[in-house]
Amino acid sequence: QPPLVDMAASNRVAIVTGAYGGLGLESALALVEAGARVVYCIGRAATPPEKWVKLREYVARMAGKGVEGRLEYVSADVTDRVTISILCWPARIC
(Lines give C-alpha, C1' and ligand atoms only; values in the text may rest on other atoms or scores of the structure.)
Protein backbone atom coordinates (compact mmCIF):
# COMPACT_ATOMS: atom_id res chain seq x y z
CA GLN A 1 0.00 0.00 0.00
CA PRO A 2 1.49 3.41 -0.92
CA PRO A 3 2.25 5.95 1.82
CA LEU A 4 -0.32 8.64 2.53
CA VAL A 5 1.70 11.47 0.98
CA ASP A 6 -1.32 13.77 0.64
CA MET A 7 -1.63 14.04 4.40
CA ALA A 8 -0.04 17.29 5.63
CA ALA A 9 2.35 15.59 8.07
CA SER A 10 5.66 16.13 6.29
CA ASN A 11 8.41 16.98 8.80
CA ARG A 12 5.85 17.47 11.58
CA VAL A 13 5.57 16.23 15.14
CA ALA A 14 2.38 14.33 15.95
CA ILE A 15 0.67 12.99 19.05
CA VAL A 16 -1.54 9.91 19.09
CA THR A 17 -3.40 9.07 22.28
CA GLY A 18 -4.51 5.53 22.86
CA ALA A 19 -1.88 4.41 20.38
CA TYR A 20 -1.88 0.84 21.65
CA GLY A 21 -5.15 -0.28 20.11
CA GLY A 22 -5.89 -1.00 16.48
CA LEU A 23 -7.00 2.50 15.47
CA GLY A 24 -4.23 4.22 17.41
CA LEU A 25 -1.53 1.98 15.96
CA GLU A 26 -2.85 2.47 12.43
CA SER A 27 -2.99 6.25 12.98
CA ALA A 28 0.59 6.34 14.24
CA LEU A 29 1.80 4.33 11.25
CA ALA A 30 -0.17 6.50 8.80
CA LEU A 31 1.38 9.65 10.25
CA VAL A 32 4.92 8.26 9.95
CA GLU A 33 4.22 7.12 6.40
CA ALA A 34 2.85 10.58 5.62
CA GLY A 35 6.19 12.10 6.61
CA ALA A 36 5.86 12.95 10.29
CA ARG A 37 9.32 13.37 11.80
CA VAL A 38 8.22 11.86 15.11
CA VAL A 39 4.95 10.49 16.46
CA TYR A 40 4.56 10.52 20.24
CA CYS A 41 2.28 7.67 21.27
CA ILE A 42 0.70 8.43 24.62
CA GLY A 43 -0.92 5.87 26.89
CA ARG A 44 -1.39 5.12 30.57
CA ALA A 45 0.66 1.90 30.66
CA ALA A 46 4.13 2.16 32.22
CA THR A 47 5.60 0.29 29.26
CA PRO A 48 4.28 -0.12 25.73
CA PRO A 49 2.57 -3.36 24.74
CA GLU A 50 4.31 -5.84 22.45
CA LYS A 51 2.28 -4.85 19.38
CA TRP A 52 3.48 -1.24 19.75
CA VAL A 53 7.10 -2.43 20.09
CA LYS A 54 6.69 -4.49 16.90
CA LEU A 55 5.30 -1.47 15.05
CA ARG A 56 8.22 0.65 16.22
CA GLU A 57 10.66 -2.01 14.96
CA TYR A 58 8.82 -2.09 11.62
CA VAL A 59 9.04 1.69 11.29
CA ALA A 60 12.76 1.57 12.12
CA ARG A 61 13.29 -1.01 9.35
CA MET A 62 11.58 1.36 6.90
CA ALA A 63 14.31 4.00 7.38
CA GLY A 64 15.96 4.73 4.05
CA LYS A 65 12.98 3.28 2.17
CA GLY A 66 10.89 6.42 2.03
CA VAL A 67 9.88 6.47 5.72
CA GLU A 68 12.19 8.54 7.89
CA GLY A 69 10.04 9.21 10.96
CA ARG A 70 10.07 7.43 14.29
CA LEU A 71 7.69 6.42 17.05
CA GLU A 72 8.26 7.42 20.67
CA TYR A 73 6.40 6.06 23.68
CA VAL A 74 5.13 8.35 26.44
CA SER A 75 3.40 7.04 29.55
CA ALA A 76 0.87 9.65 30.66
CA ASP A 77 -2.79 10.19 31.46
CA VAL A 78 -4.14 12.58 28.83
CA THR A 79 -6.97 13.62 31.14
CA ASP A 80 -4.39 15.22 33.47
CA ARG A 81 -3.89 18.72 32.02
CA VAL A 82 -0.85 19.51 34.17
CA THR A 83 1.00 16.36 33.08
CA ILE A 84 0.22 16.97 29.42
CA SER A 85 1.33 20.59 29.68
CA ILE A 86 4.64 19.52 31.22
CA LEU A 87 5.17 16.88 28.52
CA CYS A 88 4.31 19.15 25.63
CA TRP A 89 5.87 22.45 26.66
CA PRO A 90 9.57 21.69 25.90
CA ALA A 91 8.77 20.64 22.33
CA ARG A 92 5.86 23.06 21.99
CA ILE A 93 3.82 20.28 20.47
CA CYS A 94 0.52 20.89 22.28
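Definitions and cut-offs
Starting afresh in each chain, residues are numbered from 1 along the sequence in its written order. Per-residue local features are limited, in this predicted model, to residues with pLDDT of at least 70; the limit for side-chain atom pairs, both in listing and counting, is 80 or more; totals at the level of whole chains, interfaces and linings are taken over all residues. Hydrogens and water molecules were not included; the side-chain quantities draw on all heavy atoms of the structure. Every residue carries a pLDDT, the predictor's confidence in it, which falls somewhere between 0 and 100. Strands are runs of DSSP state E lasting at least 2 residues, helices are runs of H or I lasting at least 4, and numbering of each runs from the N terminus. A helix is expected to reach a length of 1.5 Å times the quantity of its residues less one. Residue exposure (1.4 Å probe, protein chains only): buried if accessible area is under 20% of the type maximum, exposed if over 50%, otherwise partly exposed. Residue contacts follow a heavy-atom distance rule, with two residues in contact if any of their heavy atoms lie within 4.5 Å. Between any two strands, at least two bridges found by DSSP are needed for them to pair. Think of it like this: strands point away, you trace from the first strand over the helix to the second, and a clockwise trace means the crossover is right-handed. Axis angles are defined between N-to-C directions and span 0 to 180 degrees, where every axis is a line fitted to C-alpha atoms and, for a helix, only to the segment in contact. Buried residues of nine kinds, namely Ala, Val, Leu, Ile, Met, Phe, Trp, Tyr and Cys, make up a nonpolar core once their side-chain atoms join them within 4.5 Å. Within this document, salt bridges are pairs made up of a side-chain nitrogen of Lys or Arg and a carboxyl oxygen of Asp or Glu, the two lying within 4 Å of each other.

A. A look at the confidence of the model for the chain. Here the chain shows a mean pLDDT of 83. Residues at 70 or above account for 85%. For the chain, the element scoring lowest by mean pLDDT is helix H3 (residues 81-88), at 78; helix H2 (residues 50-61) scores highest, at 93.

B. Highlighting helix H1 (residues 22-33). Between its first and last C-alpha, H1 extends 16 Å over 12 residues, near the 16 Å set by a 1.5 Å rise per residue. Turning to H1, its buried residues number three or more, namely Gly24, Leu25, Ala28, Leu29, Ala30, Leu31 and Val32. Where H1 is buried, its residues meet strand S1 (13-17), strand S2 (38-43), H2 and strand S3 (70-75). Remark: Gly35 follows H1 within two positions and exhibits a positive phi of approximately 110°.

C. The pairing of S1, seen in detail. Judged by which residues are buried, S1 turns out to be one-sided: Ala14 and Val16 face inward and are buried, whereas Val13, Ile15 and Thr17, on the alternate face, are not. Looking at chain direction, S1 and S2 are connected through five bridges and run parallel. Bridged to Thr17 within S2 is Ile42. Between the parallel pair S1 and S2, the chain is carried across by H1, and the sense of this crossover is right-handed.

D. Seen up close, the sheet that holds S1. Strand order in this open sheet of three strands is S1-S2-S3, and the pairing throughout is parallel. Every other strand in the sheet has two partners, leaving S1 and S3 as the edge strands with one partner each. Sheet twist, expressed as the mean angle between neighbouring strand axes with direction ignored, is 25°. Contacts between H2 and the sheet are confined to S2 and S3, with S3 contributing the most and set at about 155° to the helix.

E. Geometry of the nonpolar core. The biggest cluster of nonpolar side chains holds 21 residues, and the ones touching the most others in it are Leu31, Val39, Cys41, Trp52 and Leu71. Of all the elements in the fold, those that place two or more residues in this core are S1, H1, S2, H2 and S3. Of all the elements, H1 adds the most residues to this core, at five residues.

F. Main features of the pattern of salt bridges. Scanning all chains against the criterion turns up three salt bridges. Of the charged contacts in the structure, one is a salt bridge between Asp77 and Arg44, with a shortest N-O distance of 3.6 Å. Of this pair, Asp77 sits in the loop between S3 and H3 while Arg44 sits in the loop between S2 and H2, and the two are 33 residues apart along the sequence. According to the relative accessible area criterion, Asp77 is partly exposed, its value standing at 28%.

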